[in-house]
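# Coordinates in review
Single-letter residue listing:
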Amino acid sequence: MFSGDDIYFMKLALEEAERAEYLDEVPVGAVVVSEGILLGRGHNQPVKLNDPTAHAEVMALRSAGAWTKNYRLTGATLYVTLEPCLMCFGALIHARVGRVVYGATDPKVGVTRWLASLEGAALNHRFPLEGGLLEPECRAQIQGFFRRRR
């Protein structure tokens, strides 16, 4: 199901999550890739930036958009360590990404729990959403962060 390239890029997303944790942010990281080329990277920064939209996915999309000088990232793949929320899902639709691969599921705010209710919605773009890549590593990183905070 997942290729060696998928694993490589998810490991880069895990590195981004480490950067978030260093900033005392929830450790979520993301990278945007197209045709094997890293276009952008990002990690959670809502506390540091006082910005509720500064999720890893949004930061990676911003980085990739700046690098490509285009807000459309048609055909790109976004790798993220935690299942995207609805806000990030909307940003991914607007960016026209080709595919999203995530590590750990997010049972509280993850988008997959809402997909059935979006069925039939007039979304102007759709993409495959694939989960479970390096899931144990992604989950351990987030769980370890919250365990240390308690």
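Scroll up a little and you will see the structure.
Below is a short write-up of the structure.

## Looking at the layout of surface pockets
- What the largest pocket holds in volume is close to 520 Å³.
- Among the elements that take part in the lining of the largest pocket, helix 6 (residues 135-149) stands out by supplying four residues, more than any other.
- Considering only residue class, the lining of the largest pocket consists of 11 nonpolar, four polar and six charged.

## A word on the pattern of salt bridges
- All chains considered together, the criterion is met by seven salt bridges.
- A salt bridge links Arg41 to Glu16; the nearest nitrogen and oxygen atoms lie 3.2 Å apart. Linking Arg41 in strand 2 (residues 37-43) with Glu16 in helix 1 (residues 4-22), this pair joins segments that are 25 residues apart in sequence.
- Assessed through its relative accessible area of 28%, Arg41 is described here as partly exposed.
- Of the residues examined, Glu16 reaches a relative accessible area of 3% and is grouped as buried.
- Two residues, Arg62 and Asp51, come together in a salt bridge whose shortest N-O distance is 3.7 Å. With Arg62 in helix 3 (residues 56-68) and Asp51 in the loop between helix 2 (46-49) and helix 3, this residue pair connects regions lying 11 residues apart in the sequence.

## A look at helix 6
- With 15 residues, helix 6 should reach 21 Å at 1.5 Å per residue; the first-to-last C-alpha distance of 21 Å fits that figure.
- Among the residues of helix 6, those classed as buried are Cys138, Gln141, Ile142, Gly144 and Phe145. In a view along the axis of helix 6, the buried residues occupy a sector of 155°, so they form one face of it. Of the residues in helix 6, the exposed ones pointing more than 90 degrees away from the buried face are Pro136 and Arg147.
- If you follow the buried residues of helix 6, they end up packed against helix 1, strand 3 (77-82) and strand 4 (99-104).

Rules used in this analysis
Residues numbered from 1 in each chain as written. Predicted model: local features only at pLDDT ≥ 70, side-chain atom pairs only at ≥ 80, totals over all residues. Heavy atoms only, no water. 1 Å grid on protein atoms, 1.4 Å probe; cavity = no way out; pocket = protein on both sides within 12 Å on 5 of 7 lines; lining within 4 Å. Points joined across faces, edges and corners; volume = space filled by probe spheres on them. Helix = DSSP H or I, 4+ residues; strand = E, 2+ residues; numbered from the N terminus. Nonpolar A, V, L, I, M, F, W, Y, C, P; charged D, E, K, R; others polar. Salt bridge = Lys/Arg side-chain N within 4 Å of Asp/Glu carboxyl O. Buried < 20%, exposed > 50% of the residue type's maximum accessible area, 1.4 Å probe, protein only. Expected span 1.5 Å × (residues − 1). Arc of directions from axis to C-beta. Contact = heavy atoms within 4.5 Å.

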